[in-house]
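Secondary and tertiary structure notes
Spelled out, the chains give:
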Amino acid sequence: MNPLARKTAGLAASIGPGVTWITLFLFLPGLLMGVLAFMSNSPYGQPTLPFTTAAFSQVAGYSFLGWSPGNIEVIGRSLLQALYATFATIALAYPLAFLIARAPERRRAGLLMLVIIPSWTNQVVRAYAWMQILAPGTPLSHLAVTLGLLPQHMGLYPSSFAVSMGLIYNYLPYMVLPLYASVEKLDWRLVDAARDLYANGWRVFWHGVFPQTVPGLLAGIILVAIPSFGAYIVPKLLGGDRSVMLGNLIAQQFSSMPNWPFSAALTLVMLLFTFLGLILFRRMARRLNAGEANLL
Amino acid sequence: MQRVGLEIVGITKSYGDQPALRGVDLDVQAGEFFTLLGPSGCGKTTLLRIVAGLEQPDSGHINIGDREVTHEPAHTRRVNTVFQSYALFPHLNVADNVGFGLRMLRVNKAERQRRVAEMLEFMHIAALAERRAEQLSGGQQQRVALARALVNEPDILLLDEPLSALDAKLRGDLQLELKRTQRRLGTTFILVTHDQHEALTLSDRIAVMHEGRVEQIGAPAELYETPRTPYVADFLGLSNCLKVLSADGRKVETPVGSLLLTSEGAVGAQLMIRPERLKLEPEPRPEYNHFDATVRERIYLGSSIRYTLDIAGQSMSAIVAHEGHGRPLPEEGERVLAQVHPSDVVQLAAE
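Residues numbered from 1 in each chain as written. Chains lettered and ligands numbered in written order. Predicted model: local features only at pLDDT ≥ 70, side-chain atom pairs only at ≥ 80, totals over all residues.

Looking at the confidence of the model for chain A
All names here are of chain A.
- Across chain A, the average pLDDT comes to 83, with 96% of residues at or above 70.
- In the model of chain A, strand 4 (residues 66-67) stands out as the element of lowest mean pLDDT, 74, in contrast to helix 8 (residues 189-196), which has the highest, 91.
- The model gives residues 291-296 a pLDDT under 50, and that stretch makes five contacts with residues more than four places away or in other chains. (pLDDT = per-residue confidence, 0-100. Helix = DSSP H or I, 4+ residues; strand = E, 2+ residues; numbered from the N terminus. Contact = placed C-beta atoms within 7 Å.)

Structure, rendered in structure tokens:
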């Protein structure tokens, strides 16, 4: 074999499996989805010609009955739920990460396990557990009724609130773990430096600690926001008809009332929002990392 | 700039049952370059952190100028630190690192920018203003750290082994620069180091610390020439120590023979002779103490030669300047006459 051929063969052997994988499971399905989204739906729920943008009009809420806000609401609700889950997990994960990272070394592994173990159980089981906690007649629901947050005899489940709880509970470990990794290797000398340079209280945290946790925070946001946005099981089990999220809407189009072009269009819209979110996120990440002199 | 001194009185500090400082008293004069010298674990860094307000002492108090600051937190003390690893903020560029303290002091933006620009100019790092901390070399980081502290015009500047992360050549250059900076600004500098050469080069006065106590305070020459204890003698350079076996006025007996001192000898005391004060010359000099010695080892050090001598079974070091021409220097195995002037024999306090 001549050297060039050998080099080519080596290259093919090393990147071949990866390229094949990406082609088969990312590129082709994506292409298929892109094509499907622009096809018509036959009366039997089969994708068919001609090419049309009807599916996208349907996503925007237009049908032969006129316009309805339903789909837009679902998209908005999904975005909001992802946002809630992200903020709530950040709020919970910061103290947790510090608590674990500052614990004596021999206890850290155990504390981390406490965070991780729940995510080893099946999502469905976890969702059912939350049903038990939030159902009508449970202490929490009673409390909500007593406080006047709920009408008599109602439960916290099913509701958008229950979906939020489920999402936060599900994705908390994915925020805690990367944050913990950042906090654990925190350079405390920067805290000394900030204090020495006249920072006090929260300004020590903001300038001495927070910037160092940004890599973990950013990783956590990606790990929580994207799956929350596309959540399926949690809203299906814990939400009612008024808590449907994108994942449920898409699933519906494949099963009960087949409409593949519509669901493909929904999926593309969802991808679009995810990408938009990632672009915004990158901007923010760059700002955080570049540490513009005045973050706030 | 107003010059401010420091007074440290009876400071103690323990970590658990490990005492770090066992009662330290120090006075640092306004405008002085003062050094805390000692091996790692002697408490020097702990003391510096207590002055900075980053640690609380268990007892004792600290005055900066005529104000007691013992219980003041770090951020209200007009004291800034250059940390050992510089601890620059990696997410900020050089100018923002330097301007950090002024920003925390809520100095308005225009003045802040002016003072930062001035300080960058002063430290010759104006060209680096936009660089991120991690893009700088060790020497540049050191300058930025110094600028970041000095721009706040602190009463006292604390330096925690600021040069230990640099290579020898650069360290030498920056030492001189540090000394000049201190002279020009007239700010009180307190340096922590384990490097005796650095301490001798830079300091107006040095406090040698040992196991949480100050062993001796004095000007570099004073500490080097007349150390009070074997520990100080040993820490500041090489030394030959001899025990006084018996004394008759200024004449004492030691394991290497009899010696004449400039003061009365005390039985049991240690005598210390710096290796470079031991002359190896064939003709006996008048008034000198003489010993017959055999050269055991000869090590070439460039500008000088270090000898290990055997004098009456005792091992002693001598360092002889290498003059390049003139008399040939003794070789290994040669018998020589070792001589020392009585004033170069220092009597230490018995340990």
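Don't stop here, the text continues.
Section: the nonpolar core
- Grouped together as the largest cluster of nonpolar side chains are 107 residues, with contacts concentrated most on Val51, Val98, Val144, Ala147, Leu158, Ile190 and Ala338 of chain B.
- With six residues, the single largest contributor to this core is helix 4 (residues 138-150) of chain B.
- The residue makeup of this core includes at least three contributed by each of domain 1 (6-232) and domain 2 (238-348) of chain B.
- The residues contacting Val98 of chain B, other than those within four sequence positions of it, are Val116, Met119, Leu120, Val144, Ala147, Arg148 and Val151 of chain B.
- Grouped together as the second largest cluster of nonpolar side chains are 50 residues, Met175, Leu217, Val234 and Ile250 of chain A included. (Core = buried A, V, L, I, M, F, W, Y, C linked by C-beta atoms within 7 Å. Buried ≥ 20, exposed ≤ 12 C-beta atoms within 10 Å, placed from the backbone. Domains from an automatic or database assignment.)

Details of the interface of chain A and chain B
- At the interface, 16 residues of chain A touch 18 residues of chain B.
- Top contributing element to the side of chain A that touches chain B by residue count: helix 8 of chain A, with six residues.
- Within the side of chain A that touches chain B, the residues separate by chemical class into seven nonpolar, four polar and five charged. (Nonpolar A, V, L, I, M, F, W, Y, C, P; charged D, E, K, R; others polar.)

So, the packing of helix 8 of chain A against helix 9 (residues 202-229) of chain A
Residue and element names in this part refer to chain A.
- Running from amino to carboxyl end, helix 8 crosses helix 9 at an angle of 155°, the nearest separation of the two axes being 8 Å. In this view, helix 8 runs roughly antiparallel relative to helix 9, as classed from their interaxial angle. Judged by the sense of rotation from one axis to the other, the crossing of helix 8 with helix 9 is right-handed. In contact with Leu190, Val191, Ala193, Ala194 and Arg195 of helix 8, helix 9 contributes Val204, His207, Gly208, Val209 and Gln212.
- Residue composition of the contact of helix 8 with helix 9, by class: six nonpolar, three polar and one charged. (Axes fitted to C-alpha atoms, helices over the stretch in contact; angles between N-to-C directions. Parallel < 35°, antiparallel > 145°, perpendicular 65-115°, else oblique. Left-handed = near helix turned anticlockwise from the far one by under 90°.)

Observations regarding helix 7 (residues 160-184) of chain A
All names here are of chain A.
- Between its first and last C-alpha, helix 7 extends 35 Å over 25 residues, near the 36 Å set by a 1.5 Å rise per residue.
- Largest kink in helix 7: about 40°, centred on Tyr171, with the proline Pro173 one to four residues after it.
- The buried count for helix 7 comes to 21 of 25 residues, which makes it a mostly enclosed element. (Expected span 1.5 Å × (residues − 1). Bend = angle between axes of the 7 residues up to and from the residue.)

Comments concerning the domain arrangement of chain B
All names here are of chain B.
- What the domain assignment reports for chain B is domain 1 (6-232) and domain 2 (238-348).
- Distance between the C-alpha centres of domain 1 and domain 2: 39 Å.
- Taken together, the contact between domain 1 and domain 2 spans five residues of the former and five residues of the latter.
- When grouped by side-chain class, the residues that make up the side of domain 1 that touches domain 2 number two nonpolar, two polar and one charged.

Topic: the pairing of strand 9 (residues 205-210) of chain B
All names here are of chain B.
- Pairing of strand 3 (residues 33-37) with strand 9 involves four bridges; the strand directions are parallel. Bridged to Leu36 within strand 9 is Ala207.
- Of the strand pairs in this sheet, strand 9 and strand 10 (residues 213-218) are connected by five bridges, and their pairing is antiparallel. Note on strand 10: the bridge partner recorded for His210 is Arg213. (Pairing = 2+ DSSP bridges.)

A few points about the sheet that holds strand 17 (residues 289-300) of chain B
- Spatial ordering of the open sheet is given by 16-20-17-18-19 (chain B), a layout of five strands whose pairing is antiparallel. Every other strand in the sheet has two partners, leaving strand 16 (279-280) and strand 19 (314-321) of chain B as the edge strands with one partner each.

What to know about the pairing of strand 19 of chain B
- As paired elements, strand 18 (residues 304-311) of chain B and strand 19 of chain B share eight bridges and run antiparallel to each other. The residue of strand 19 of chain B that forms the bridge with Ile305 of chain B is Val320 of chain B.

Digging into the sheet that holds strand 5 (residues 67-68) of chain B
Residue and element names in this part refer to chain B.
- As summarised here, the arrangement of the four strands in space is 2-1-4-5, forming an open sheet in which the pairing is antiparallel. One side of each edge strand has no neighbouring strand; the edge strands of this open sheet are strand 2 (18-28) and strand 5.
- Of the pairings in the sheet, the one linking strand 4 (residues 59-64) to strand 5 comprises two bridges and is antiparallel in character. Across the sheet, the residue bridging to Ile64 is Arg67, located in strand 5.
- Packing of helix 1 (residues 44-52) onto the sheet brings it into contact with strand 1 (6-15), strand 2 and strand 4, and relative to strand 1 it is tilted by some 120°.

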